[in-house]
Amino acid sequence: MAALEEMLEDAAATASYHSSRDQERVPIELVDRLLAGENAVKVWREHRGLSQRDLAARAGLNFAYLSQVETGARNGSIQTMKKLAEPLGVDLDDLI
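Now for a quick tour of the structure. (Residues numbered from 1 in each chain as written. Predicted model: local features only at pLDDT ≥ 70, side-chain atom pairs only at ≥ 80, totals over all residues. Heavy atoms only, no water.)

1. A few points about the overall build of the protein
Thinking step 1. Of the regular secondary structure elements, the protein holds 6 helices and 0 strands.
Thinking step 2. Going from N to C terminus, the protein has its helices and strands arranged as α-α-α-α-α-α.
Thinking step 3. Radius of gyration (C-alpha) of the protein: 18 Å, far over the 12 Å computed for a compact globule of 96 residues.
Thinking step 4. If you line up the protein on its principal axes, its C-alpha atoms span 60 × 25 × 25 Å.
Thinking step 5. The buried share of the protein, reckoned over its 96 residues, is 24%.
Thinking step 6. Here the analysis covers contacts within the protein between residues at least 6 apart in sequence; of these, 38% occur between residues at least 24 apart.
Thinking step 7. In the structure as shown, the protein presents an accessible area of about 6,700 Å², 50% of it carried by carbon and sulfur atoms. (Helix = DSSP H or I, 4+ residues; strand = E, 2+ residues; numbered from the N terminus. Rg over C-alpha atoms; globule rule 2.2 N^0.38 Å. Buried < 20%, exposed > 50% of the residue type's maximum accessible area, 1.4 Å probe, protein only. Contact = heavy atoms within 4.5 Å. Areas by Shrake-Rupley, 256 points an atom, 1.4 Å probe, with all protein chains shown as cover.)

See the structure below:
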């Protein structure tokens, strides 16, 4: 029975590895910042090496509006977050 459980565990680990091996890997510092509650747009933007002006231009947004979203002065709508997700190369879920 123990050998069967070990084989099932190994099979599950192998399947998990193969299903996630093409996914982007991110540094633990990025994960720590997100878990600490930092603004996800800002964290991903900095990780991608973009300035606020660059990201705003790529997303078709006003620079000042993006700045307010990052500081929490304004909440970005779902539409806005979709516009930001694309140039950041993340899923919408990663920003909200």
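Moving on from the coordinates now.
2. Section: the packing of helix H4 (residues 52-59) against helix H6 (residues 78-88)
Thinking step 1. Orientation of H4 relative to H6, taken along the N-to-C sense of each, is 110°, at an axis distance of 8 Å. In terms of orientation, H4 lies roughly perpendicular with respect to H6. Here H4 runs over H6; the crossing is right-handed. Touching Leu55, Arg58 and Ala59 of H4 are Lys83, Leu84, Pro87 and Leu88, all from H6.
Thinking step 2. Classifying every residue of the contact of H4 with H6 by side-chain character gives 5 nonpolar, no polar and 2 charged. (Axes fitted to C-alpha atoms, helices over the stretch in contact; angles between N-to-C directions. Parallel < 35°, antiparallel > 145°, perpendicular 65-115°, else oblique. Left-handed = near helix turned anticlockwise from the far one by under 90°. Nonpolar A, V, L, I, M, F, W, Y, C, P; charged D, E, K, R; others polar.)

3. Let's talk about the packing of aromatic side chains
Thinking step 1. This model, assessed by the stated rule, comprises 0 aromatic pairs.
Thinking step 2. Sitting above the plane of the Phe63 ring, Arg53 keeps its charged end 4.0 Å from the centroid. (Phe/Tyr/Trp six-rings, centres within 6.5 Å; stacked < 30°, edge-to-face > 60°. Lys NZ or Arg CZ within 6 Å of the ring centre and 35° of its normal.)

4. Quick word on the nonpolar core
Thinking step 1. Residues Val41, Trp44, Leu55, Leu84, Leu88 and Leu95 are the most contacted members of the largest nonpolar core, which totals 19 residues.
Thinking step 2. Residue assignment for this core shows that the elements contributing at least two residues are helix H3 (40-48), H4, helix H5 (63-71) and H6.
Thinking step 3. Setting aside anything within four residues of it in sequence, one finds Leu84 in contact with Val41, Leu55, Ala59, Leu61, Leu66 and Leu95. (Core = buried A, V, L, I, M, F, W, Y, C linked by side-chain atoms within 4.5 Å.)

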